[in-house]
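# Per-entry structural report
Spelled out, the chains give:
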Amino acid sequence: MKQYAVVAYDYTDAEALDRRMANRDAHLTGVRELAKQGKFLSGGAILNDEGRMIGSNAHFCFSDRQALDAWLESEPYMTGRVWERVDIREVKLFDPNA
């Protein structure tokens, strides 16, 4: 399994936060399912200086990049036009228990 860091920035139009909130429950349900499968490792919202959600950052574990990309195709923040720009990098996370 490969580990990936995903940093996604939301659209900045006037309706961007409304789209995020409209898709949030479906997004979190999917993330919880990935966590049960051992694919979601950590993550959360990126906040601006006012504390408003403007993006997401997360660490995932997938068999390969194609599996990650396949998940992204159905991710509500992608299909619901919440995330405008997504940066994905393969990483090797530090395990403090090793």
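Throughout, a residue's number is its position along its own chain's written sequence, starting from 1. Since the coordinates come from a predicted model, pLDDT governs what is reported: local features require at least 70, and pairs of side-chain atoms require 80 or more to be given and counted, while whole-chain, interface and lining totals use all residues. Water and hydrogen atoms play no part in the side-chain values, which are based on all heavy atoms of the structure.

Of the positions making up helix H2 (residues 65-74), those classed as buried are Leu 68, Trp 71 and Leu 72. In an axial view of H2, the angular spread of the buried residues amounts to 100°, which keeps them on one side of the axis. Seen from the buried face of H2, the exposed residues on the opposite side, beyond 90 degrees, are Gln 66, Glu 73 and Ser 74. In this structure, the buried residues of H2 make contact with strand E1 (2-10), helix H1 (16-36), strand E3 (53-62), helix H3 (76-79) and strand E4 (83-91). Polar contacts here mean pairs of N or O atoms no more than 3.5 Å apart (in protein, one a potential hydrogen donor and the other a potential acceptor; neighbouring residues in sequence count only if both atoms are side-chain atoms). Only DSSP runs of H or I reaching four residues or more are called helices, and only runs of E reaching two or more are called strands; each is numbered from the N terminus. The opening residue of H2, the one whose side-chain oxygen lies 3.2 Å from the backbone nitrogen of Gln 66, is Asp 64. To sort residues, take the accessible area from a 1.4 Å probe on protein chains only and compare it with the maximum for the residue type: under 20% means buried, over 50% means exposed, and anything in between is partly exposed. Note that the arc is computed from the directions linking the helix axis to the C-beta atoms. Note on definitions: a residue-residue contact is assigned when non-hydrogen atoms from the two residues lie within 4.5 Å.

The next subject is the pattern of salt bridges. Definition used for salt bridges: Asp or Glu carboxyl oxygen within 4 Å of a side-chain nitrogen of Lys or Arg. By the definition in use, this model includes four salt bridges. Among the salt bridges present, the one from Arg 89 reaches Asp 87, with a minimum N-O distance of 3.5 Å. The exposure class assigned to Asp 87 is partly exposed, which follows from its relative accessible area of 33%.

This part is about the environment of Thr 29. By the element assignment, Thr 29 lies in helix H1. Note on Thr 29: relative accessible area 51%, which makes it exposed. Sequence separation between Thr 29 and Ser 42 is 13 residues; the distance between their C-alpha atoms is 15 Å.

With that settled, the discussion passes to the pairing of E3. Along E3, seven of the 10 residues are buried, which leaves the element largely enclosed by surrounding structure. Pairing geometry for E1 and E3, over eight bridges, is antiparallel. Residue pairing in the sheet places Val 7 in a bridge with Asn 57 of E3. Note on pairing: two strands pair once DSSP finds at least 2 bridges between them. Between strand E2 (residues 40-47) and E3, which pair antiparallel in sequence order, lie five residues; one of them, Gly 51, sits at a positive phi of approximately 85°.

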